[in-house]
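# Reading the structure
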Amino acid sequence: QVQLMESGGGLVQPGGSLRLSCAASGTIFSIYAMGWYRQAPGKQRELVATIIESGRTNYADSVKGRFTISRDNAKNTVYLQMNSLKPEDTAVYYCNAGVRVRPTSGYGDYWGQGTQVTVPS
């Protein structure tokens, strides 16, 4: 019904940059919030950043000043620009979206399959 496809992960040296992308496709009437979460080995999934339809953003304290979330509403796509990467940023990064599939439906919660980001120490 709704699919989220992430791209842009990979291996980067400390201090480097990566840009993640996530495109939503399928039956979409509107998307209220889009965001990125991450899960490191042995840890719980945690919020990285979110952005709502108006453009208002929210960041985890650990990434403020280094990561920037943005979205293209026309393309149903959300981006995460990650700068000054650190080894502790190593994780699988998941895209999330709150999607309304028709005008009368509520918002459903959808997840991508994740993309690996590795910053070696």
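We now turn to the structure provided with this report.

Analysis parameters
Residues numbered from 1 in each chain as written. Predicted model: local features only at pLDDT ≥ 70, side-chain atom pairs only at ≥ 80, totals over all residues. Heavy atoms only, no water. Salt bridge = Lys/Arg side-chain N within 4 Å of Asp/Glu carboxyl O. Helix = DSSP H or I, 4+ residues; strand = E, 2+ residues; numbered from the N terminus. Buried < 20%, exposed > 50% of the residue type's maximum accessible area, 1.4 Å probe, protein only. Pairing = 2+ DSSP bridges. Disulfide = S-S within 2.5 Å. Core = buried A, V, L, I, M, F, W, Y, C linked by side-chain atoms within 4.5 Å. Axes fitted to C-alpha atoms, helices over the stretch in contact; angles between N-to-C directions.

## A short note on the pattern of salt bridges
This model, assessed by the stated rule, comprises 4 salt bridges. In this structure, the salt-bridge partner of D89 is R38, at a minimum N-O distance of 3.0 Å. Here D89, found in the loop between β8 (77-82) and β9 (91-100), pairs with R38, found in strand β4 (residues 30-39); they are 51 residues apart in sequence, far enough to count as distant. Take D89: its relative accessible area is 1%, and that puts it in the buried class.

## Considerations on the pairing of β4
Bridge analysis of β4 against β9 gives 8 bridges, and the strand direction is antiparallel. Each bridged residue has a counterpart across the sheet, and for S30 the counterpart in β9 is R100. Where β4 meets strand β5 (residues 46-52), 6 bridges bridge the pair, whose relative direction is antiparallel. Paired with R38 across the strands is E46, a residue of β5.

## Looking at the state of the cysteines
Counted according to the given criterion, the structure contains 1 disulfide. The disulfide bridge from C22 ends at C95, spanning 2.0 Å between sulfur atoms. Across the S-S bond linking C22 and C95, the dihedral sits near -80°, which makes this disulfide left-handed. Of this pair, C22 sits in strand β3 (residues 18-26) while C95 sits in strand β9, and the two are 73 residues apart along the sequence.

## A look at the nonpolar core
Counting 32 residues, the largest nonpolar core has W36, L80, M82 and Y93 as its most contacted members. For this core, the secondary structure elements donating two or more residues are β1 (2-7), β3, β4, β5, β7 (67-72), β8 and β9. The element best represented in this core is β9, accounting for 5 residues.

## Some words on the sheet that holds β3
Here 4 strands make up an open sheet; going across it, the order is β1-β3-β8-β7 and the pairing antiparallel. Single-partner strands in this sheet number two, and they are β1 and β7. Sheet twist, expressed as the average angle between the axes of neighbouring strands with direction ignored, equals 15°. When β3 meets β8, the two strands line up antiparallel, connected through 6 bridges. The residue of β8 that forms the bridge with C22 is V78.

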